[in-house]
Amino acid sequence: MDRPVKYEKTKRLLAVVAPFAWLAVLAFAIWSLGKEWGGFHLEDLNRALRRIGFWHVGIALVLTAASLLCNASLDLVALRWLKRDLPPVRVLGTALIAATFSMNGGGTILGGGAIRLRFYAQYGIGGTEVAKITGFLMVAGLLGHALLAGVMMCWAPPTVSWLSPTWGRSVGVACLVACAAVCALSATRFRGRVILPPWRILLAAMFVSGFDWLLAGLALRVFLPAEISTPVFLTATAVGQALGAASHVPGGVGVMELFITKFTVGMVEPVVMVGALMTYRLTYYLIPFMIAIAAVGCREVWAKRHWAQMTVDGTSRAWSSIAPRLAGMTALAGGFVMLFSAATPMDPHRRMLLEKWIPLALVEAAHFLTAIAGVVMILVASGLLRRVQKAWWIAVLLAGGGIVFSLVKGLDWEEAFMLLVFFGALLPFRARFHRHAGIWTRRFSLQWWGLILSIVGLAIWFGFYASEVAYTHELWWQFSFANDASRLLRGMAGSALILVFLALLQYFHHALALTREPPPAMDRIQEMVANTSRSGGALALAGDKEFLFNFERSAFLMYRDHGRTRVAMADPIGDEEKFEGLYWRFMEQAQDEGMKLAFYQVGAPMMPVCVEMGLQVHQIGEAARVPLDGLDPESGKFREAMDRMDRGGWLFEIWQPAEVAARIGELRPVSDAWLGQRGAREKGFSSGKFDADYLGRLPVAVILVGGRVGGRVTAFGVVWPGNGRDELSTDLMRHMPDAPDGVMECLLVNLMLWGRQQGYRWFDLGESDLFAASDFQPVWEPRYLAVSNNLDLAEAVRAIAAIGGG
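### Describing the overall build of the chain
Then, in step 1: Within the chain, the secondary structure is distributed over 32 helices and 12 strands.
Then, in step 2: Counting every position in the chain, which comprises 806 residues, the buried fraction comes to 52%.
Then, in step 3: By sequence separation, contacts in the chain at least 24 residues apart represent 74% of the contacts at least 6 residues apart.
Then, in step 4: Looking at the chain as shown, the accessible area adds up to about 35800 Å², and 64% of this sits on carbon and sulfur atoms.

### Quick word on the pattern of salt bridges
Then, in step 1: Counted under the stated rule, the structure contains 19 salt bridges.
Then, in step 2: The partner of Arg524 in a salt bridge is Glu527, with the nearest N and O atoms 3.6 Å apart. Remark: Glu527 and Arg524 occur in helix H23 (residues 522–530); sequence separation between them is three residues, near one turn of the helix.
Then, in step 3: The partner of Arg761 in a salt bridge is Asp726, with the nearest N and O atoms 2.7 Å apart. In this pair, Arg761 sits in the loop between helix H30 (743–758) and strand S11 (762–766) while Asp726 sits in the loop between strand S9 (712–721) and strand S10 (727–735), placing the two residues 35 residues apart along the sequence.
Then, in step 4: According to the relative accessible area criterion, Asp726 is buried, its value standing at 17%.
Then, in step 5: Residues joined by salt bridges that share partners form a network here, namely Arg534, Arg625, Glu727, Glu781 and Arg783.

### Remarks on empty space enclosed by the protein
Space left empty within the atom packing is revealed by a probe, the size of a water molecule, rolled over the atoms.
Then, in step 1: For the coordinates displayed, the defined rule picks out two cavities of 30 Å³ or more.
Then, in step 2: Here the largest cavity defines a volume of roughly 80 Å³.
Then, in step 3: Residue lining of the largest cavity: 10 residues in total, with Met290, Thr330, Ala333, Gly334 and Met418 positioned closest to the centre.
Then, in step 4: Elements with a contribution of two residues or more to the lining of the largest cavity: helix H13 (270–303), helix H15 (323–343) and helix H19 (413–426).

### A word on the packing of aromatic side chains
Then, in step 1: Here the structure, examined in full by the defined rule, presents 12 aromatic pairs.
Then, in step 2: Judged by centre distance (5.5 Å) and plane angle (65 degrees), the rings of Tyr559 and Phe586 are edge-to-face. In this pair, Tyr559 sits in strand S2 (residues 555–562) while Phe586 sits in helix H24 (residues 579–592), placing the two residues 27 residues apart along the sequence.
Then, in step 3: Assessed through its relative accessible area of 1%, Phe586 is described here as buried.
Then, in step 4: An aromatic cluster is present here, built from Tyr559, Tyr583, Phe586 and Phe599 joined pairwise through their rings.

### A look at the side chain of Thr237
Then, in step 1: Assignment of secondary structure puts Thr237 in helix H11 (residues 230–246).
Then, in step 2: The contacts of Thr237, once residues within four sequence positions are left out, are Gly217, Leu220 and Ile260.

### A look at the environment of Leu488
Then, in step 1: Positionally, Leu488 belongs in helix H21 (residues 484–508).
Then, in step 2: Here the alpha-carbon distance between Leu488 and Ser341, two residues 147 residues apart in the chain, equals 10.0 Å.

### Focus: helix H32 (residues 793–803)
Residue pairs spaced three or four apart in an α-helix point in one direction, given the helix's 3.6 residues per turn.
Then, in step 1: Taken together, the buried positions of H32 are Glu795, Ala796, Ala799, Ile800 and Ile803. Down the axis, H32 shows its buried residues gathered within 140 degrees of arc, on one side only.
Then, in step 2: The first or second residue beyond H32 is Gly805, which carries a positive phi of 85 degrees.

### Examining a nonpolar patch on the surface
Then, in step 1: A cluster of nonpolar residues, Leu407, Trp413, Phe417 and Leu420, forms a patch on the protein surface that exposes about 440 Å² of accessible area.
Then, in step 2: When residues in the nonpolar patch are grouped by element, the largest group, three residues, is from H19.
Then, in step 3: The topology assignment puts Trp413 in helix H19.
Then, in step 4: Exposure remark for Trp413: the relative accessible area of 53% places this residue in the exposed category.

### Considerations on the packing of H11 against helix H12 (residues 255–263)
Then, in step 1: For the pair H11 and H12, interaxial distance at closest approach is 8 Å and the crossing angle is 150 degrees. Of the possible angle classes, the one that applies to H11 and H12 is roughly antiparallel. Seen from above, H11 lies across H12 with right-handed handedness. Residues Phe233, Ala236, Thr237, Val239, Gly240, Gln241, Leu243 and Gly244 of H11 lie in contact with H12, whose contacting residues are Val255, Met256, Phe259, Ile260 and Phe263.
Then, in step 2: Across the contact of H11 with H12, the residue classes break down as nine nonpolar, four polar and no charged.

### Examining the pairing of S11
Then, in step 1: With respect to burial, S11 is a largely interior element, four of its five residues being buried.
Then, in step 2: Inspection of the sheet shows strand S6 (residues 616–627) paired to S11 by four bridges, in the antiparallel sense. Across the sheet, Ala624 pairs through a bridge with Gly766, a residue of S11.
Then, in step 3: For S10 and S11, the ladder comprises three bridges, and the chain directions are parallel. Within the sheet, the bridge partner assigned to Glu727 lies in S11 and is Trp762.

### Quick look at H24
Then, in step 1: The terminal C-alpha atoms of H24 lie 20 Å apart, and with 14 residues this matches the ideal 20 Å at 1.5 Å per residue to within 8%.
Then, in step 2: Counting buried residues along H24, 13 of its 14 residues qualify, which places the element largely inside the surrounding structure.
Then, in step 3: Two residues or fewer after H24 comes Gly594, characterised by a positive phi angle close to 70 degrees.

### Section: the side chain of Gln601
Then, in step 1: Among the secondary structure elements, Gln601 is positioned in strand S5 (residues 596–602).
Then, in step 2: Excluding anything up to four places from it in sequence, Gln601 contacts Met569, Ala570, Asp571, Ile620, Glu767, Arg783 and Tyr784.

Conventions we followed
- Residues numbered from 1 in each chain as written.
- Predicted model: local features only at pLDDT ≥ 70, side-chain atom pairs only at ≥ 80, totals over all residues.
- Heavy atoms only, no water.
- Helix = DSSP H or I, 4+ residues; strand = E, 2+ residues; numbered from the N terminus.
- Buried < 20%, exposed > 50% of the residue type's maximum accessible area, 1.4 Å probe, protein only.
- Contact = heavy atoms within 4.5 Å.
- Areas by Shrake-Rupley, 256 points an atom, 1.4 Å probe, with all protein chains shown as cover.
- Salt bridge = Lys/Arg side-chain N within 4 Å of Asp/Glu carboxyl O.
- 1 Å grid on protein atoms, 1.4 Å probe; cavity = no way out; pocket = protein on both sides within 12 Å on 5 of 7 lines; lining within 4 Å.
- Points joined across faces, edges and corners; volume = space filled by probe spheres on them.
- Phe/Tyr/Trp six-rings, centres within 6.5 Å; stacked < 30°, edge-to-face > 60°.
- Arc of directions from axis to C-beta.
- Patch = residues over 30% accessible without salt bridge, like charges linked within 9 Å, V, L, I, M, F, W, Y side chains within 5 Å.
- Axes fitted to C-alpha atoms, helices over the stretch in contact; angles between N-to-C directions.
- Parallel < 35°, antiparallel > 145°, perpendicular 65-115°, else oblique.
- Left-handed = near helix turned anticlockwise from the far one by under 90°.
- Nonpolar A, V, L, I, M, F, W, Y, C, P; charged D, E, K, R; others polar.
- Pairing = 2+ DSSP bridges.
- Expected span 1.5 Å × (residues − 1).

Written out as structure tokens, the structure reads:
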């Protein structure tokens, strides 16, 4: 077997395995924790939790706030590196929200990168700069971990049997040497090769990140007895947090707990450590996340006031733009809370109150419905991320029902309060969920199934772990206030059945037959192209693409397939308010049909949507747009071209479509000669080709040599006119081999001047040569390629080259 075939098979295997890598790590961590924590009962855990007082929680919250503030300050350092001066308060607010999402989302599709992209866009920071900020934060986080772990390992290595103090200090020295090496590289010429920031900025970021993790460790230390060694414990915490972050498991759940437990063997009772870690999850992760949700909701409600200022309205739009991601994460959290509550034995004191006031049948039904609502809430999170309207309604109903179920089944006011926050956070964002798409029939990705199974599995595992009743068949049919194990079995069985039913539904659902549409009439395509503001929509008239419309058929996306890759060309055409939903529909249809997808030549406005969809974005170039209002016909470049036209007796004309169809025979020899001279063939997809139908639908700019009467066409270019005189461009620019020097430049200059006279505002030069385009003083706009994952990047590039005829 040759190497390319082996490489393709390996790459495909990695693409399948990669989404489950963090799930495998989580499963191993949970299994290991089960062995570590298997020696105590639930009553022991209750006693460990009761020893933690309110003053412990208060101190931990103060340390948590200080830690998160250090984390948010890294954004200020990153912006200083990029030489961008933004209001510090707003930067810190954005960074705090993004950090909260990243801590809880980990390396999954729920991370906080999209939040920074959304929020920073209002300050003029594009996708490329946000990508640099994200990379900077990742490097700073790794260096901060390494610095803290190195210092603590050298100072107070953990006293465990499987790691001697000498080896511990050696690991610490290696961490510090690695930090010093990275800073040294940033002070050399090597920095320019890997885009490292200057060493002073990198050093500052490393120390800020180190203090962030130090404060996070102290927030956990507060919950433990005073007699344990603080330096040794902070060493264990630093290593555990580093490994938890490196695992990409959401929040480092299980991984951090496992290594902290391993490193603190003999220092503290396991049950006390478990109680401290559970409380730490509440104070450092869950409470900040709930505060972030409340802050977003308050901003949105405040923005609805009719007398609010424009700046507040703009900020509220930015905050509300993250509502789907916020709702998706809170739905996962709310579903887990309900499943966890259904798996937890009832509190004895609350059981006594329920026996007095609520019938057993209602308690049993509420318990079962809590488990069902929890798993459905987790499943609906995908629809919330995709902005599906039905998902919003279901989530609202589940949250409202979950509040009632939690109170009836066990007076669980804590869970009811969390669901109330989720319910209140969903209501203001009703308008953000506007898509009419399937929720259950759309196949979940492997990563989504991994996330769902890990959450449900974790809740089930805890339920059986907390239950001390041996399994018997009779448990299924026992009903009493004291029989928690029976309720657990029935609730988990119902949840499992829902998952199996959904998996079968998605497996047997023939999405291809439901989503494929007959090809549209070209006259309808031309009508929509004529009404779009961007000139590039004329590519739809080339006749070499397929089209995907939105449900209202007011916008479409053009694409082509090559092998197992589906490539969408540029931005959609039509109603701009429907573009976001169209992107989602395109991805869903590609996934249903087993296709990998790529969005080619994506403009900056669609970048946040690509990031929110979980795509990997790569900048592939910059397009030049010339503002026609500022053109001076008497300036050097334009005057030179006009003088050359006058000396040569050349004529510039615009042929309208009817004239193009009648005189196509004059253009064909020019095209054939141009192709023959280069030994080239017609291409397509990202450009047009010489086709009578294509040229007959658009104007053509020509240069005639020899006078208007009897003159011959020596150069031409197809004109792409945008609606409303907004933008003008050209395609298929060709000339005779014996054409005079400078004829194409004259064609371009005359077309710009003609566009200016007609009232057009912009001329799109596309991805032109930097030095050639600079003569026209253009505005440069980035263009991106978005793919499903980085493993598919090379295949996407090959597909684009193949369908373009390259």
